[in-house]
Amino acid sequence: MNKALIWFRQDLRLADNPAVDAAVKECDTVLPVFIDETGGNSGLLQKESSASHVWLHHALLALDTKLQDKGSALLIRRGVALQCLSELVKEAGITHVYWNRRYDPAGISTDTAIKKALTETGCKVRSFNGSLLDEPWTVLKQDDTPYKVFTAFWKARLKRGIDTQLFPEPATLPAADKQPQGLSIEQLNYLPDIRWDQGMMEHWTVGEDAAQEKLADFLEQQGAEYKTLRDLPAQTGTSRLSPHLHFGEISPRRIYYQAEAYLAEHPGAETGIRCFLSEVGWREFAYSLLYHFPETVSEPLDQRFTGFEWRDDYASDLKRWQRGMTGFPIIDAGMRELWATGWMHNRVRMIVASLLTKNLLIHWREGEKWFHDTLLDADLASNTMGWQWVAGSGADAAPYFRIFNPVLQSEKFDPSGDYIRRWVPELKDFSNKQIHQPYQYVDKFKDYPAPMVDLKASRARALERFAAIKSDK
Ligand code: FAD
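Cut-off values and rules
- Every chain is numbered independently, its residues counted from 1 as its sequence is written.
- Selection of residues for local features in this predicted model requires a pLDDT of at least 70, selection of side-chain atom pairs for listing and counting requires 80 or more, and totals for whole chains, interfaces and linings are taken over all residues.
- With hydrogens and water set aside, each side-chain value is computed from the structure's full complement of heavy atoms.
- Throughout, near means a residue has at least one heavy atom within 4 Å of the molecule or strand.
- Whenever a nitrogen or oxygen atom comes within 3.5 Å of another N or O atom, the pair is scored as a polar contact, on the condition that within protein one atom can donate a hydrogen and the other can accept it, and that pairs from neighbouring residues in sequence are kept only if both atoms are in side chains.
- Here the Shrake-Rupley method, with its probe set to 1.4 Å, supplies the accessible areas, and only the displayed protein chains count as covering residues.
- Note on definitions: the grid is 1 Å and covers protein atoms alone; a cavity is a set of points where a 1.4 Å probe fits but cannot get out; a pocket is an open set with protein on both sides within 12 Å along at least five of seven lines; lining residues have an atom within 4 Å of a point.
- More than half of a molecule's atoms within 2 Å of the grid points is what it takes for that molecule to sit in a cavity or pocket.
- We count a stretch as a helix when DSSP gives it H or I for four or more residues in a row; a strand needs E for two or more, and each element gets its number in order from the N terminus.
- Three residue categories are used. Nonpolar comprises Ala, Val, Leu, Ile, Met, Phe, Trp, Tyr, Cys and Pro, charged comprises Asp, Glu, Lys and Arg, and polar comprises the others, including Gly.
- Grid points are joined across faces, edges and corners, and a volume is the space filled by probe spheres set on the points.
- Two cysteine sulfur atoms form a disulfide, by the criterion used here, when they sit within 2.5 Å.
- A simple rule labels every residue: compare its accessible area, found with a 1.4 Å probe on the protein chains alone, to the largest value its type can have, and call it buried under 20%, exposed over 50%, or partly exposed in between.
- Pairing between strands is defined by DSSP: at least two bridges between the two strands are required.
- For crossovers, right-handed means that the path from the first strand over the helix to the second runs clockwise, given strands pointing away from the viewer.
- Under this scheme, a helix contributes an axis fitted over its contacting stretch, all axes are lines through C-alpha atoms, and angles between N-to-C directions fall in the 0 to 180 degree range.
- Here is the rule for angles: anything less than 35 degrees is roughly parallel, anything more than 145 is roughly antiparallel, 65 through 115 is roughly perpendicular, and the remaining ranges are oblique.
- Contacts were defined at the residue level, with two residues in contact if any of their heavy atoms lie within 4.5 Å.
- Think of it as the arc spanned by the lines of direction from the helix axis to the C-beta atoms.
- The quantity known as pLDDT measures the predictor's confidence residue by residue, on a range of 0 to 100.

**Q** An account of the site of the ligand is requested, with residue identities and associated values reported.
**A** Taken together, 27 residues lie near the ligand, and Y226, T238, S239, R240 and N346 sit nearest. Side-chain polar atom of Y226 to an oxygen atom of the ligand: 2.5 Å apart, as the coordinates give it. Separating an oxygen atom of the ligand from a backbone N or O atom of S242 is a distance of 3.0 Å. Protein contacts shield 95% of the accessible area of the ligand, which totals 820 Å² for the unbound molecule. In a pocket analysis with a 2 Å cut-off to the grid points, the ligand is assigned to the largest pocket. Looking at the shell around the ligand, the elements with two or more residues in it are α9 (242-246), α11 (270-292), α14 (346-359) and α16 (380-391). Residue classes in the shell around the ligand are distributed as 14 nonpolar, seven polar and six charged.

Structure follows, in structure tokens:
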């Protein structure tokens with residue numbers, strides 16, 4: 001009798017899940033397992049990450065409910081993964097172990113060691129790609145080196161063709177007669193003691209079914225206009241699928257498949273949908289970069305930045321930025337949106353990151369760390385790439401002289417000021433014209449700070465430092 005153990009990690013879904021599909025086809029019984037590795041060498045949550053833990057709590061509940069509908073249940077253990085798995089293999093007489101791969105450096109080394117150790121005990125171990133359109137090592141330049149420019153990467157990726165064959169959701173998941181004991185989801189303590197998470201989670205519905213519904217709604221309602229709407233933070237112009245993608249509640253293959261199906265019936269939506277799919281391509285690019293350049297999680301991809309003189313006396317400035325009290329309305333709106341909802345619009349992520357790394361000259365790692373703690377979609381690959389891109393030290397990076405002016409960006413992308421009014425209510429009475437830089441029109445008011453830095457002078461200082469690096473090569 002073949003007995004499967006499916007180890008769920010960042011693939012918290014049953015549909016289009018290659019590990020689940022293989023386990024059901026090859027084995028008589030299935031034991032779904034989640035291991036809390038936070039104390040160990042985890043690839044899922046590399047370090048304490050409060051917002052992500054909250055999402056994970058709800059995602060595990062949603063997965064467990066689905067499993068129970070299929071005659072199964074999620075078994076939870078805590079500890080070092082190899083030890084937990086070895087114990088379960090013995091306790092439940094497991095013959096086959098299945099999982100979908102992870103691609104962060106710690107996850108790769110943990111999984112490689114586990115595969116070897118379990119195989120040596122006679123267990124069959126099979127791993128799959130469940131979170132990317134293609135394995136990150138497959139798209140290389142003609143000289144077999146990885147791409148560092150997105151457009152060329154994506155062109156080459158599309159040329160390989162996208163496999164949109166979806167794995168079906170299993171009808172049932174037969175459980176073994178005797179189940180090992182585990183922890184409850186509540187015992188993981190992923191929710192904070194002081195329940196600051198409740199307001200944040202009002203903005204989201206977690207789980208695989210919610211993710212599929214969100215995709216369908218997005219394609220129908222915003223897909224055609226995505227290219228024009230995606231830069232306007234006051235609008236619901238993007239899919240907001242990022243936390244679902246991070247935890248694998250939906251696969252990028254399904255996104256591709258459904259987008260193509262939608263296009264077949266709505267050819268007029270071509271421009272918007274292709275633009276949306278290329279953003280999903282940026283996620284693939286981020287994973288390719290993380291796989292080929294794992295050191296970039298802490299070191300600059302562009303070596304010229306190794307000795308860059310970031311400021312070291314920045315604690316109070318960093319705090320003002322984190323709290324959304326910089327005195328630049330668009331920045332403060334973004335930082336407060338992040339705090340309240342666990343998500344920030346992509347355009348605003350770029351603007352706040354530019355202020356931190358360029359006008360304030362604070363190391364991008366500080367921004368990355370804050371995003372990692374507060375974003376529900378905090379993702380090692382995309383976060384690292386995003387921050388290095390804005391700082392100028394990453395792949396396909398913004399040129400050093402590109403310093404976003406938060407006032408001009410605000411006027412251009414939030415012309416009515418509605419986004420600012422939503423998150424910075426102190427400014428709600430300013431006109432559409434004045435709201436982007438209120439201190440031009442008012443000397444002082446009690447509850448909103450003056451700009452923390454002079455944009456012109458700080459831009460000149462940044463240009464000088466960045467130009468010095470540029471001339472290094
Ligand atoms: P949509 O516009 O609907 O795009 C669909 C999907 O494509 C997204 O869900 C996401 O998975 C992917 N995607 C879109 N844009 C990008 C991009 N620029 N890079 C990589 N993938 C992309 N994204 C994360 O998922 N996690 C992060 O931790 C993260 N950190 C970032 C940090 C900075 C400084 C910047 C500038 C960007 C960061 N991004 C990150 C990328 C991007 O901002 C988010 O993916 C996007 O805002 C998510 O919203 P959405 O789902 O509505 O995106």
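**Q** I'd like to hear about empty space enclosed by the protein, residue by residue, with values.
**A** What the rule picks out here adds up to six cavities of 30 Å³ or more. Of the volumes computed, that of the second largest cavity is approximately 100 Å³. What lines the second largest cavity is A286, L289, L290, F293, T296, L301, A381, T384, M385, Q388, G394 and A395. If you list the elements that add at least two residues to the lining of the second largest cavity, you get α11 and α16. For the lining of the second largest cavity, the leading source of residues is α16, giving four residues. For the lining of the second largest cavity, the residue count by class is eight nonpolar, four polar and no charged.

**Q** Explain the state of the cysteines to me, and be specific about the residues and the numbers.
**A** According to the stated counting rule, one finds zero disulfides in the structure shown. Looking at the unpaired C27, the closest cysteine sulfur is the one in C123, lying at 9.4 Å.

**Q** Could you give an account of the pairing of strand β4 (residues 96-100), with specific residues and numbers?
**A** For a regular strand, the rule is simple: side chains alternate between the two faces of the sheet. Burial analysis of β4 places five of its five residues in the buried class, the great majority of the element. By the alternation rule, side chains of β4 split into H96, Y98 and N100 and V97 and W99, which are all buried. Pairing between strand β1 (residues 3-8) and β4: four bridges, direction parallel. Within the sheet, the bridge partner assigned to L5 lies in β4 and is V97. Handedness of the crossover is the feature at issue here: the chain leaves β4, passes through helix α4 (residues 105-120), returns alongside strand β5 (residues 124-128), and the resulting connection is right-handed.

**Q** Tell me about the layout of surface pockets, and name the residues and values.
**A** There is about 1,100 Å³ of room inside the largest pocket. Forming the boundary of the largest pocket are 38 residues, of which E279, W282, N346, R349 and S382 lie nearest the centre. If you list the elements that add at least two residues to the lining of the largest pocket, you get α8 (226-229), α9, α11, α14 and α16. In terms of residue class, the lining of the largest pocket is made up of 18 nonpolar, nine polar and 11 charged.

**Q** Tell me about the packing of α11 against α16, residues and numbers included.
**A** It is at 8 Å that the axes of α11 and α16 come closest, and there the two elements cross at 90 degrees. The angle between the axes of α11 and α16 places the two elements in the roughly perpendicular class. Each of W282, R283, F285, A286, Y287, L289 and L290 in α11 lies in contact with α16, whose residues at this interface are L380, A381, S382 and M385. Residue classes in the contact of α11 with α16 are distributed as nine nonpolar, one polar and one charged.

**Q** Just give me the short version of the sheet that holds β4, but keep the residues and values in it.
**A** The parallel open sheet is built from five strands, whose spatial order is β3-β2-β1-β4-β5. With one partner strand each, in any of the chains shown, β3 (75-78) and β5 form the two edges of the open sheet. Between one strand axis and the next, the sheet turns by 25 degrees as a mean value, whatever way the strands run. Summarising the sheet, β4 and β5 pair through five bridges and their orientation is parallel.

**Q** Could you give me a rundown of helix α17 (residues 406-413), with the residues and numbers involved?
**A** Turning to α17, its buried residues number three or more, namely P406, V407, Q409, S410 and F413. The buried residues of α17 occupy an angular sector of 165 degrees when the element is viewed end-on, so they sit on one face. What points out from α17, more than 90 degrees from its buried face, is the exposed set L408 and K412. In this fold, the buried residues of α17 make contact with α13 (329-341), α14, α18 (418-423) and α19 (455-470). One side-chain oxygen of the residue at the start of α17 lies 2.8 Å from the amide nitrogen of V407, identifying that residue as N405.

**Q** Mind laying out the side chain of N17, listing which residues take part and the relevant values?
**A** Residue position: N17 is located in the loop between β1 and α1 (18-26). For N17, the side chain forms a polar contact with the main-chain oxygen of R13, separated by 2.9 Å.

**Q** Account for the side chain of T326, naming residues and giving values.
**A** Relative to the helices and strands, T326 is located in the loop between α12 (315-323) and α13. Under the relative-accessibility criterion, T326 is labelled buried at 0%. Side-chain polar atoms of T326 contact the side chain of D332, separated by 2.7 Å.

**Q** Hey, could you go over the confidence of the model for the protein chain for me, with residue numbers and the actual values?
**A** Averaged over every residue, the pLDDT of the protein chain is 94; residues scoring 70 or more account for 97%. Note on residues 40-48: pLDDT is under 50 here. Beyond four places in sequence and across chains, it has 30 contacts.

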